[in-house]
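# Fold and geometry: a report
Listed below, chain by chain, are the residues.
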Amino acid sequence: MGITPVDVSIILPVYNAAEWLDECLGSIKRQQDLGEEMTVELSIFNDSSKDDSLDILKSWKDILISVGIHVILSGHSNAEPKGVGYAKNEAVRQSSGRFLCFQDADDIMDPMRIKLQYQAALKHQYTIIGCKVTRIPKDSTIRYTRWCNGMTQKQLLTQVFTSHGPTVLMPTWFCSRQVYDKVGGFDERGKGIPEDLLFFHKFLELGGAVCRIDEYLLTYRYHPECTTHSVHRDTIWDIRITAIQKNIINQWKHFTIWNAGKEGRRFYRSLSTENRSKVKAFCDVDAKKIGKVYTYEECKESPKPKVPILHFSEASPPFIICVKLDLTGGGLERNIESLNLVEGEDYFYFS
């Protein structure tokens, strides 16, 4: 634990981040109004880095202390790293802040980040507070960046089942320690496990709230070594299927799957037997599909389940929409609007 309790603990897991640490730590040093409105500490856990990360971290310790940021630095030197979830948990365990500000070692804080998120967190105690991000390189993951910055506050809760992951990006999270304790920390199984997505869904299931400050308070870096690249798509798919069934479909009597193509059929096949029986139809815009019947040939049931394919205008809500956002030139959105549907009531995205 820290020497004395502080208001905010910056949680910084580090693994082979030497290339970016100077920028990251420099941005922490430049935070505004620290010491005036709040006390801050930086809790670092070095997850067996093999590059110069540890030397760089040590070189910054006195610099950060000189501007009033207490630094806690620990780690291990095992042959292999123990993973992001473990490193985050260790950094939280050794910290003492009432609030936690999560920071990735390859990202850059805006000077107002901690101040603005701290002020918001004081008003919304049981909430994960996020912010908008600036992506670097500028042209990387354009659709993803547009999605995470463009959602309304309501959509932060209705679009939690898409393949994009948490609607409030993990590198922007700021929350009370109560949030972390309620969930019980991050999954520590290591590489290939989306610890942030698992934490996010568990928090929401426990009644947690999410909020995004509509200011660009983090520069979010994309590079080939990002840990997100180590998570298999099937792992994320299974987590999403479990979450949407538990929180939405289990409460419905029937529904329609919007997309009679590959993604919609995979979604149908992934459902539990009980929830598959609730699917009254697929719907689509493709004239080659409309009017036909999908037969689940791989199913061991007899007779084989059969589902009609309708034009979207003839289908009935609620819908699970298995069409990727922002890829149809606005066509999908116009079709949804033509039916006067309400997101979060009449439809949810699973795309």
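Attention in this report is confined to the structure presented alongside it.

With that settled, consider the overall build of the protein. When helices and strands are counted, the protein shows twelve helices and 14 strands. Its C-alpha atoms give the protein a radius of gyration of 23 Å, near enough to 20 Å, the size a compact globule of 351 residues would have. Principal-axis analysis of the C-alpha atoms places the extent of the protein at approximately 70 × 40 × 35 Å. Among the 351 residues that make up the protein, the fraction classed as buried is 54%.

A few words on the nonpolar core. Counting 105 residues, the largest nonpolar core has Trp 258, Phe 267 and Ile 320 as the members making the most contacts within it. Among the elements that take part in this core, strand E8 (residues 209–221) stands out by supplying six residues, more than any other. Not counting residues within four places of it along the chain, the set of residues in contact with Ile 320 comprises Ile 244, Ile 249, Trp 252, Phe 255, Thr 256, Ile 257, Trp 258, Phe 267, Phe 348 and Phe 350.

Per the stated rule, a full pass over the model turns up 25 aromatic pairs. Plain terms: the ring middles of Tyr 268 and Tyr 296 are 5.8 Å apart, the flat faces sit at 75° to each other, and that makes the pair edge-to-face. Taken together, the positions of Tyr 268 in helix H10 (residues 262–270) and Tyr 296 in the loop between strand E11 (293–295) and strand E12 (306–311) put the pair 28 residues apart, joining distant regions of the chain. Ring pairs connect the aromatic residues Phe 102, Trp 173, Tyr 180, Phe 186, Phe 199 and Phe 200, which therefore count as one cluster. Note that Arg 135 overlies the ring of Tyr 220, its terminal NZ or CZ placed 4.1 Å from the centroid.

Two numbers describe how helix H1 (residues 18–29) lies on helix H2 (residues 53–66): the axes approach to 10 Å, and their chain directions differ by 15°. Taken as axis vectors, H1 and H2 run roughly parallel relative to one another. For the pair H1 and H2, the crossing hand works out as right-handed. Touching Ala 18, Leu 21, Asp 22, Leu 25, Gly 26, Ile 28 and Lys 29 of H1 are Ser 53, Ile 56, Leu 57, Trp 60, Ile 63 and Leu 64, all from H2. Across the contact of H1 with H2, the residue classes tally to nine nonpolar, two polar and two charged.

With that out of the way, let us pick up the layout of surface pockets. Considering only enclosed or pocket space, the second largest pocket measures out at about 270 Å³ in volume. Together, 16 residues line the second largest pocket, and Trp 147, Gln 155, Gln 159, Leu 325 and Glu 333 are the ones closest to its centre. The biggest single contributor to the lining of the second largest pocket is helix H5 (residues 142–150), with four residues. Of the residues belonging to the lining of the second largest pocket, the class tally is six nonpolar, four polar and six charged.

Moving on to the pattern of salt bridges. Overall, the coordinates contain 13 salt bridges when judged by the stated rule. Between Arg 98 and Asp 7 there is a salt bridge; the shortest N-O distance is 3.2 Å. Here Arg 98 is found in the loop between helix H3 (84–93) and strand E4 (99–102), whereas its partner Asp 7 is found in the segment before strand E1 (8–14), with 91 residues between them in sequence. Since its relative accessible area comes to 43%, Arg 98 is described here as partly exposed. Of the charged contacts, one joins Asp 187 and Arg 189 as a salt bridge, the two residues approaching to 2.8 Å between their closest N and O atoms.

Our focus in this paragraph is helix H4 (residues 113–123). Those residues of H4 lying buried are Arg 113, Ile 114, Lys 115, Gln 117, Tyr 118, Ala 120 and Ala 121. Buried residues along H4 sit against E1, E4, strand E5 (108–109), strand E6 (127–136), strand E7 (174–176) and E8.

So, about the side chain of Thr 162. Position of Thr 162 relative to the elements: it lies in the loop between helix H6 (155–158) and E7. Setting aside residues up to four positions removed in sequence, Thr 162 forms contacts with Trp 147, Arg 240, Leu 325, Tyr 349 and Ser 351.

Tracing the sequence through the fold places Val 183 in helix H7 (residues 177–183). Taking the relative accessible area as the measure of exposure, Val 183 reaches 4% and is therefore buried.

For the rest of this paragraph, the subject is helix H12 (residues 331–338). The periodicity of an α-helix, 3.6 residues per turn, causes residues three or four places apart in sequence to face the same way. Among all positions of H12, only Gly 331, Leu 332 and Ile 336 are buried. Seen from one end, H12 has its buried residues packed into an arc of 135°, which puts them on one side. Every exposed residue of H12 that faces more than 90 degrees away from the buried side is listed here: Arg 334 and Glu 337. Tucked into the core, H12 has its buried residues touching strand E9 (255–258), strand E13 (319–321) and strand E14 (347–349).

It is worth spelling out the pairing of strand E10 (residues 279–284) at this point. Burial of E10 is extensive: five of the six residues sit out of reach of the surface. With four bridges connecting them, E9 and E10 associate as parallel partners. Following the sheet pairing, Phe 255 is matched in E10 by Val 279.

In space, the six strands of this open sheet follow the order E11-E12-E10-E9-E13-E14, with mixed pairing throughout. Both edges of this open sheet fall to E11 and E14, since each of them pairs with a single strand only. Geometrically, the sheet is characterised by an average inter-axis angle of 25° between neighbouring strands, direction not taken into account.

What counts and what doesn't
In every chain, residue numbers begin from 1 and rise along the written sequence. Under the rules for a predicted model, residues below a pLDDT of 70 receive no local features and side-chain atom pairs below 80 are neither given nor counted, while totals for whole chains, interfaces and linings still include all residues. Hydrogens and water molecules were not included; the side-chain quantities draw on all heavy atoms of the structure. A run of DSSP states H or I qualifies as a helix once it reaches four residues; a run of E qualifies as a strand once it reaches two. Both are numbered from the N-terminal end. Based on C-alpha atoms, the radius of gyration is set beside the globule rule, defined as 2.2 Å times the residue count to the power 0.38. Exposure categories follow from relative accessible area, calculated using a 1.4 Å probe and restricted to protein chains: below 20% of the type maximum is buried, above 50% is exposed, and the middle band is partly exposed. Only buried Ala, Val, Leu, Ile, Met, Phe, Trp, Tyr and Cys residues count toward a nonpolar core, and they belong to the same one when joined by side-chain atoms within 4.5 Å. We call two residues in contact whenever any of their non-hydrogen atoms come within 4.5 Å of each other. Ring pairs are drawn from Phe, Tyr and Trp, using the six-membered ring of Trp, whenever the two centres fall within 6.5 Å, and their geometry is named by plane angle: stacked under 30 degrees, edge-to-face over 60, tilted for the rest. Cation placement over rings: the criterion is NZ of Lys or CZ of Arg within 6 Å of the ring centroid and within 35° of the ring normal. Axes here refer to lines fitted to C-alpha atoms; in helices the fit is confined to the stretch in contact. Angles between the N-to-C directions go from 0 to 180 degrees. Should an angle lie under 35 degrees it is considered roughly parallel, over 145 roughly antiparallel, and from 65 to 115 roughly perpendicular; all remaining angles are considered oblique. Note on convention: the crossing is left-handed when the near helix lies turned anticlockwise from the far helix by less than a right angle, right-handed when the turn is clockwise. Here the nonpolar group is Ala, Val, Leu, Ile, Met, Phe, Trp, Tyr, Cys and Pro; Asp, Glu, Lys and Arg are the charged ones; every other residue, Gly included, is treated as polar. Every definition here rests on a 1 Å grid over the protein atoms only: cavities are sets of points where a 1.4 Å probe fits but cannot get out, pockets are open sets enclosed by protein on both sides within 12 Å along at least five of seven lines, and lining residues have some atom within 4 Å of a point. Grid points are joined across faces, edges and corners, and a volume is the space filled by probe spheres set on the points. What makes a salt bridge here is a side-chain nitrogen of Lys or Arg within 4 Å of a carboxyl oxygen of Asp or Glu, nothing more. Here, the arc refers to the directions that run from the helix axis to the C-beta atoms. For two strands to count as paired, DSSP must find a minimum of two bridges between them.

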